[in-house]
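# Results of the structural survey
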Amino acid sequence: MVATIVWRMAYIEAVNLVKTYTPKGAPVVRALDGLSLSVPRGTVTALLGPNGAGKTTAVKVLTTLITADSGTATIDGLDVATQGSEIRPIIGVSGQYAAVDENLTGFENLDMVGRLYHLGAKASRRRATELIELFDLTEAQNRPVKGFSGGMRRRIDLAGALVIDPRVLFLDEPTTGLDPRSRLGMWDIITRLVATGTTVLLTTQYLEEADQLADDIAVIDNGKVIAQGTSDELKSSIGGQTVELSLVSEADSASALEILRSHGTSAPDVSADQRTLSVTVASGPAALQSVLAQTEARGIRLHDAGMKRPTLDDVFLTLTGHAATVEEEEKAS
Ligand SMILES: Nc1ncnc2c1ncn2[C@@H]1O[C@H](COP(=O)(O)OP(=O)(O)OP(=O)(O)O)[C@@H](O)[C@H]1O
Ligand SMILES: [Mg+2]
């Protein structure tokens, strides 16, 4: 069968971006180390990576806030390095840290953004009112932002990015620090925006968020995209499924490990208490049957046995050799 060819022009395109920082008295940091990325019009791409991966730096280059040392990037065919003044009127940016004026009210913040974009007094007020409603901030609209909760700040900041109804929206960690309910609210808003045709590039450290919101996921580590695809493509690219055993006794751990090792396509994982073991296999059902037959033959007692498709966490671990949160833990320690 001949597949229908759908021509999707990349709306955001980055080729081989390099950006280095040279902090005083410290070694050079290659924040972007040859980052290439392609975001088709009207789709959501998630830039997924741990702390320090280069997500914010990429967003800053693409939104013309900083320039790359080398490489090229375009938004709707406009060069970020030389055509910033044409790009800025068509993009919206919600930075990692909310950029709002603490002393102004929610309404005044949005009204001010409209005026900065020369919408005119009447249109600015109208747009501010619409966005206050859209973001469910009616009760907070006349209070100074300094009294807002983290979730309200994120919403007012995102609303600010939408004042000009941008064709492309950059969201740098839109839900970091939000409670689960506010996160769901934010996902809902982003989903509705995308339905109106807005192209979105969002960064996130949450695998679940990328899975939920994005058509395409670009996994970024050490300033490079190390994999790009749909959530399903990424999951299947690491190959097969996982068989997991939960043992009644850790005394059986060594024999269970031996069985899993003989079925796996890579080394099995063992939990700290030695009672949960898992391994990636080429074919889940066949491997599970065979593993169960062998555990029974050896008298290994099981609490549970099952197979699952890989999660994005597994994808990250396979691609980078470390968990998505490793650097965060290192930083905190
Ligand atoms: N202004 C700067 N001066 C020096 N180094 C910087 C600067 N900005 C970023 N870096 C370094 O560049 C690397 C990438 O940083 P970046 O902020 O892009 O990461 P990130 O993926 O956004 O991380 P996070 O999840 O913590 O927001 C890090 O090693 C960071 O320390
Ligand atoms: Mg960042």
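All values reported here derive from a predicted model rather than from experimental measurement.

For residues with low pLDDT, the predicted coordinates do not support detailed interpretation. Residue-level pLDDT values for the protein average 88, and 94% of them are 70 or greater. Element-level mean pLDDT values for the protein span from 43 in helix α12 (residues 326-332) up to 97 in strand β4 (residues 70-75). A low-confidence stretch, residues 326-333 stays under pLDDT 50, and its non-local contacts, those more than four residues away or across chains, total seven contacts.

A separate point is the sheet that holds strand β10 (residues 224-229). The mixed open sheet is built from six strands, whose spatial order is β6-β7-β8-β3-β9-β10. Two strands in the sheet have a free side with no partner beyond their single neighbour: β6 (91-94) and β10. Going from strand to strand, the sheet's axes swing by 15° on average, the running direction of each strand aside. By the bridge criterion, four bridges tie β6 to strand β7 (residues 168-172) in an arrangement that is parallel. From the neighbouring strand, Gly92 faces β7, where its bridge partner is Leu169. Most of the contacts of helix α5 (residues 150-161) go to β6, to which it runs at about 165°, and overall it touches β6 and β7.

We now examine helix α4 (residues 121-134). Between its first and last C-alpha atoms α4 spans 20 Å; for 14 residues at 1.5 Å apiece the expected length is 20 Å, and the two agree. Those residues of α4 lying buried are Ser124, Arg127, Ala128, Leu131 and Ile132. Along the axis of α4, the buried residues cluster in a sector spanning 135°; they form a single face. Away from its buried face by more than 90 degrees, α4 exposes Lys122, Arg126 and Glu133. Residues of α4 that are buried make contact with α3 (106-116) and α5. Positive backbone phi, at 55°, marks Asp136, one or two positions downstream of α4.

The strand order across the open sheet built from four strands is β12-β13-β11-β14, with neighbouring strands paired in antiparallel fashion. Each edge of the open sheet carries a strand with a single partner, namely β12 (269-270) and β14 (302-308). Inspection of the sheet shows strand β11 (residues 241-247) paired to β14 by six bridges, in the antiparallel sense. By the bridge assignment for β14, Val243 is matched with Met307.

Its place among the elements puts Thr45 in strand β3 (residues 44-48). Contacts of Thr45, omitting those with residues within four sequence positions, involve Leu37, Ser38, Val39, Val200, Leu201, Leu202, Ala214, Asp216, Ala218 and Gln228.

On to the site of ligand 1. Near ligand 1 there are 14 residues, and of these Asn51, Gly52, Lys55, Thr56 and Thr57 occur at the shortest range. At 3.0 Å, a side-chain N or O of Glu173 approaches an oxygen atom of ligand 1. Within the side chain of Gln205, a nitrogen or oxygen atom sits 3.2 Å from an oxygen atom of ligand 1. Notes on ligand 1: free accessible area 640 Å², of which the protein chains cover 67%. Elements represented by at least two residues in the shell around ligand 1 include exactly β2 (29-40) and α1 (55-62). Considering every element that reaches the shell around ligand 1, the biggest residue donor is α1, with three residues. Class assignment for the residues of the shell around ligand 1 results in five nonpolar, seven polar and two charged.

Together, Met112, Leu116, Tyr117 and Leu119 line one region of the surface with nonpolar side chains, adding up to about 360 Å² of accessible area. Relative to the assigned elements, Met112 resides in helix α3.

Going through the model one piece at a time under the given rule, you end up with zero aromatic pairs. Here the guanidinium or amino end of Arg183 rests over the ring plane of Tyr206, the centre of that ring lying 4.1 Å away.

Our focus in this paragraph is helix α6 (residues 180-195). The terminal C-alpha atoms of α6 lie 23 Å apart, and with 16 residues this matches the ideal 22 Å at 1.5 Å per residue to within 8%. Every buried residue of α6 is listed here: Arg183, Met186, Trp187, Ile189, Ile190, Leu193 and Val194. Taken around the axis of α6, the buried residues stretch over an arc of 165°, which confines them to a single face. Counted as exposed and oriented over 90 degrees from the buried face of α6: Arg181, Leu184 and Ala195. Contacts from the buried residues of α6 go to β3, α5, β7, β8 (199-204) and α7 (207-213). A positive phi of about 100° marks Gly197, the residue just after α6.

Parameters and conventions
Residues numbered from 1 in each chain as written. Chains lettered and ligands numbered in written order. Predicted model: local features only at pLDDT ≥ 70, side-chain atom pairs only at ≥ 80, totals over all residues. Heavy atoms only, no water. pLDDT = per-residue confidence, 0-100. Helix = DSSP H or I, 4+ residues; strand = E, 2+ residues; numbered from the N terminus. Contact = heavy atoms within 4.5 Å. Pairing = 2+ DSSP bridges. Axes fitted to C-alpha atoms, helices over the stretch in contact; angles between N-to-C directions. Expected span 1.5 Å × (residues − 1). Buried < 20%, exposed > 50% of the residue type's maximum accessible area, 1.4 Å probe, protein only. Arc of directions from axis to C-beta. Near = heavy atom within 4 Å. Polar contact = N/O pair within 3.5 Å; in protein donor to acceptor, adjacent residues only side chain to side chain. Areas by Shrake-Rupley, 256 points an atom, 1.4 Å probe, with all protein chains shown as cover. Nonpolar A, V, L, I, M, F, W, Y, C, P; charged D, E, K, R; others polar. Patch = residues over 30% accessible without salt bridge, like charges linked within 9 Å, V, L, I, M, F, W, Y side chains within 5 Å. Salt bridge = Lys/Arg side-chain N within 4 Å of Asp/Glu carboxyl O. Phe/Tyr/Trp six-rings, centres within 6.5 Å; stacked < 30°, edge-to-face > 60°. Lys NZ or Arg CZ within 6 Å of the ring centre and 35° of its normal.

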